[in-house]
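Structural characterization, general
Given next are the chains, with one letter for each unit.
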Protein chains: 2
Amino acid sequence: MTIETTQLHKCSLFKNMPADEITALLEVLDYRIYRYPKNALIRLQGDRYRELLLVLEGDISAEIQDLSGKTIKIETLSAGAVIASGVLFAADNTLPVSLNAHSTVKLLAVPKKAVISLCHRHQKFLENLLSDTGDKIIFLAEKIRLLKFASLEEKLAGYLLHQSIKQKNDRVSLIYNLKQLADLFGVARPSLSRVFSQLYAQGILLRDRKFIKILDKDKLRLLLKP
Amino acid sequence: MTIETTQLHKCSLFKNMPADEITALLEVLDYRIYRYPKNALIRLQGDRYRELLLVLEGDISAEIQDLSGKTIKIETLSAGAVIASGVLFAADNTLPVSLNAHSTVKLLAVPKKAVISLCHRHQKFLENLLSDTGDKIIFLAEKIRLLKFASLEEKLAGYLLHQSIKQKNDRVSLIYNLKQLADLFGVARPSLSRVFSQLYAQGILLRDRKFIKILDKDKLRLLLKP
C-alpha cells in the first residue's frame, strides 16, 4: 500500500519539510499502513507501544478504563495526529490509553528504530518530534493545574487569569484552538462554546481574532470558588 | 570554568555513554556554567526557557505560584537532574515553575541549538533525551489519573491496583523509587513510608526487593472510596 506525501504534510512531525524531502524519505522509510473499520479496537490500555502511530485518515478516540471498569474519554485524535510519541521512548512503554476507531481509520506505523534514524537524517523531523513531546508535557502540566477547579466556568477563568499573568497582558494569546481547549478542560466543545458566549454576553471577555481580551478581571476572578 | 566528565555521568542524558565520548563531546560543546548561592532565585515562572539546564551540584526547588499568590512546591531537583527538557522545545517555551536554589547550586546550561547538534552527533544522547521527555509524559498522565483519589491511602491503592492490571501480575514491579512515588502522589516521603508500613502491618502488602506483592486485593480495593 502506498502513502501520499500530502497526507504526511498534515502531520506535525513533517511540518516545514519540503515535499520532495518527504517523498525521498518515504522511499527508504521502514513503515506499515494499518486500516481499521469503525468501532474497531486499535490498541488496548497497557499494550507495549513499539511503533509510532500517525493518523492518516479518520478519528480515533483515546479512552482510559478506571478501576471500576468505567470508560473515560480522554481525547479525539484526527488526521495528522501523532499518537503517544512520548510513550514510544519511555522506560515504561505501555500505552496509558485504549485507542478506538471512531470512524474508518488509516494509520502509518513507524518502528522505534526507524523513528530514531529519521531524527538523525532529518533535523526538521527531530525538532518537530521534540516539539511534539514538549507540547504534550506543557498540556498535561496545565491540565493538572486546572483539575483543582470544579466547574467549567472556574477552569476557564483560572486558565485565562493564569495566562494573563504569564503573558503579562490582559489580552491573552490563545495557544490552543477550541477543540484543544475543550480537551484541556475535559469537556465537549459545545459546552465550552456556551461558556465563552455567556462570558462575552456578560461583558467579561471580548473575542479579538486569536486573542481573548479580559474586560472585567474582577468579575472573572469571582468565578473562582475560594 | 571547567566541568568534570564524572559530573555529567550522573545525568540521565549521558547515561550509557562511554567516558571518553563524554570527554570528547565536552571539548566542542557550546555550554556555560552558572553558580547560585543558597536561596537565590534561578528562574521565574513564565520566563522563556532557551537553554537546557542540568543540575551538577546542589538542590533546586521547583515551585508554582497559584492565582492567589500562594507558593506550592512541585518537586526537588538534585544533582543529575535535567530541568524542563520538554519546555525547551515546546511552542510555548515559558517555564511553568519558578526555580529556587535550596543549597548552593552549580548548573550546566546548553543552548537549544547545541542540544539539537548533540542529538545529531550522539545517538545515545538523542535516545536519552527522548526517554527523559517520554518518562515525564508518563509521570504526568499517571498523576492526572491519581488526582481523583482524595486520600494518600486511596492514591496508593489505586496506583498499585492499576499497575497490577497493566503488569498482569499481583507482584507489582515498582517503576519509581520512594521519592518519585511521593512526588507522583503529591505528598512528602515520610507520609508515604508511613502508609506503606501500615499496609505491610495489616498484611495487605508485602515488600519484596523492588516489588510490592499484593497479598489481599479485596482489602486493598476497600481503600478506594466509591
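Presented here is a report on the structure given in the accompanying data block. Residue indices follow the written sequence of each chain, beginning from 1 at its first position. Naming scheme: in the order in which they are written, chains are lettered from A and ligands are numbered from 1. A pLDDT threshold of at least 70 governs which residues receive local features in this predicted model, and a stricter bar of 80 or more applies before side-chain atom pairs are shown or counted, although totals over entire chains, interfaces and linings include all residues. Note: side-chain values were computed over all heavy atoms of the structure, leaving out hydrogens and water.

**Digging into the overall build of chain A**
- Each helix is a run of DSSP H or I of at least 4 residues and each strand a run of E of at least 2, with the numbering of both proceeding from the N terminus. A count of helices and strands for chain A gives nine helices and eleven strands.
- In terms of its C-alpha atoms, chain A occupies a principal-axis envelope of roughly 60 × 45 × 30 Å.
- Buried, partly exposed and exposed residues are distinguished by accessible area as a fraction of the type maximum, computed with a 1.4 Å probe on protein chains only: under 20%, between the cut-offs, and over 50%, respectively. Per-residue burial over chain A gives 50% buried out of 226 residues.
- Put simply, 66% of the contacts in chain A that link residues at least 6 apart link residues at least 24 apart.
- Exposure was quantified through the Shrake-Rupley algorithm and a 1.4 Å probe, taking into account, for residues, occlusion by the shown protein chains and nothing else. As presented, chain A carries roughly 10700 Å² of accessible surface, and 52% of it is formed by carbon and sulfur atoms.
- If the 34 positive side-chain charges of chain A are averaged to one point and the 24 negative ones to another, these points end up 4 Å apart. Pairs of residues are marked as contacts when any of their non-hydrogen atoms sit within 4.5 Å. Note that His is not counted, nor are the chain ends; the positive residues are Lys and Arg, and the negative ones are Asp and Glu. By convention, the charge on Lys lies at NZ, on Arg at CZ, on Asp at CG and on Glu at CD.

**Points about the side chain of D92 of chain B**
- Here D92 of chain B is to be found in the loop between α3 (85-89) and β7 (98-101).
- One polar contact links D92 of chain B to T94 of chain B, side chain to side chain, over a distance of 2.6 Å.
- Not counting the four nearest positions on each side in its chain, D92 of chain B is found in contact with D135, I138, K166 and I175 of chain A together with V87 of chain B. Two N or O atoms form a polar contact when they lie within 3.5 Å of each other; inside protein one atom must be a possible hydrogen donor and the other a possible acceptor, and for residues adjacent in sequence the pair counts only when both atoms belong to side chains.

**Side note on the sheet that holds strand β1 (residues 32-36) of chain B**
Residue and element names in this part refer to chain B.
- Strand pairing is defined by DSSP finding a minimum of two bridges between the two strands. Read across the sheet, four strands follow the order β1-β8-β3-β6 without closing on themselves; strand pairing throughout is antiparallel. Single-partner strands in this sheet number two, and they are β1 and β6 (82-83).
- The pairing of strand β3 (residues 51-57) with strand β8 (residues 105-111) spans six bridges and is classified as antiparallel. By the bridge assignment for β8, L53 is matched with A109.

**Some details on the nonpolar core**
- Judged by nonpolar contacts, the single largest core of 161 residues is most densely connected at F14, L99 and L107 of chain A together with F14, L99 and L107 of chain B.
- Beyond its immediate sequence surroundings of up to four residues, L107 of chain B is in contact with R32, I33, Y34, Y36, I42, L53, L54, V55, L56, I60 and I83 of chain B. To form a nonpolar core, buried Ala, Val, Leu, Ile, Met, Phe, Trp, Tyr and Cys residues must be joined to one another through side-chain atoms within 4.5 Å.

**Examining the packing of helix α5 (residues 123-146) of chain A against helix α4 (residues 112-121) of chain B**
- Orientation is described by lines fitted to C-alpha atoms, with helices fitted over the stretch in contact, and by angles between N-to-C directions that extend from 0 to 180 degrees. Between α5 of chain A and α4 of chain B, whose axes approach to 11 Å, the crossing angle comes to 115°. Like other packed secondary-structure pairs, α5 of chain A and α4 of chain B cross with a definite hand, here right-handed. Where α5 of chain A approaches α4 of chain B, its residues Q123, L126 and E127 of chain A are matched on the opposing element by I116, C119 and H120 of chain B.
- By residue class, the composition of the contact of α5 of chain A with α4 of chain B is three nonpolar, two polar and one charged. By definition, turning the near helix anticlockwise from the far helix through less than a right angle yields a left-handed crossing, and turning it clockwise yields a right-handed one. Only Asp, Glu, Lys and Arg are considered charged, only Ala, Val, Leu, Ile, Met, Phe, Trp, Tyr, Cys and Pro nonpolar, and every remaining residue, Gly among them, polar.

**Concerning the relation of the copies chain A and chain B**
- A least-squares superposition brings the copies together, and it is based on the C-alpha atoms of residues with pLDDT no lower than 70 in both. Overlaying chain A with chain B gives an RMSD of 0.3 Å, the required rotation being 180° about an axis along which the chain moves by 0.1 Å. Between the two chains, the operation in question is that of a two-fold axis.
- In this assembly the copies share their binding face: 100% of the residues contributing to the interface of chain A also contribute to that of chain B.

**Comments concerning the sheet that holds strand β6 (residues 82-83) of chain A**
All names here are of chain A.
- Pairing is antiparallel across the open sheet formed by four strands, whose spatial order is β1-β8-β3-β6. Looking at the sheet topology across the chains shown, the edges are occupied by β1 (32-36) and β6.
- Against the sheet, helix α4 (residues 112-121) engages β3 (51-57) and β8 (105-111), with an angle of about 75° to β8.

**Considering unusual backbone geometry**
All names here are of chain A.
- Positive phi outside glycine occurs at N39, with the angle close to 75°.
- Among the structural elements, N39 can be located in the loop between β1 and β2 (41-43).
- Phi at R209 takes a positive value of approximately 50°, unusual for a residue other than glycine.
- With respect to the element layout, R209 can be found in the loop between β10 (205-208) and β11 (211-214).

**What about the interface of chain A and chain B?**
- Taken together, the contacts link 42 residues of chain A with 42 residues of chain B.
- Accessible area, probed at 1.4 Å, shrinks when two parts are joined; the buried area is that loss added up over both. At the boundary of chain A with chain B, total buried surface from both sides reaches about 3800 Å², with 75% on carbon and sulfur atoms.
- Salt bridges are identified by distance alone: a Lys or Arg side-chain nitrogen within 4 Å of an Asp or Glu carboxyl oxygen. Taken together, the links from chain A to chain B amount to zero salt bridges.
- Mapped onto the side of chain A that touches chain B, the elements with two or more residues apiece are α3 (85-89), α4, α5 and α6 (152-166) of chain A.
- Of the residues forming the side of chain A that touches chain B, the biggest block, 17 residues, is contributed by α5 of chain A.
- Split into classes, the residues belonging to the side of chain A that touches chain B amount to 22 nonpolar, eleven polar and nine charged.

**As for the pattern of salt bridges**
Residue and element names in this part refer to chain A.
- What the rule picks out here adds up to 20 salt bridges over all chains.
- Between K124 and E127 there is a salt bridge, with the nearest N and O atoms lying 3.6 Å from each other. Here the residue K124 and the residue E127 both occupy positions in helix α5, the gap between them amounting to three residues, near one helical turn.
- A residue is classified by how much of its surface remains accessible, and K124, at 30% relative accessible area, is partly exposed.

These values are about where atoms sit, not about what they do.
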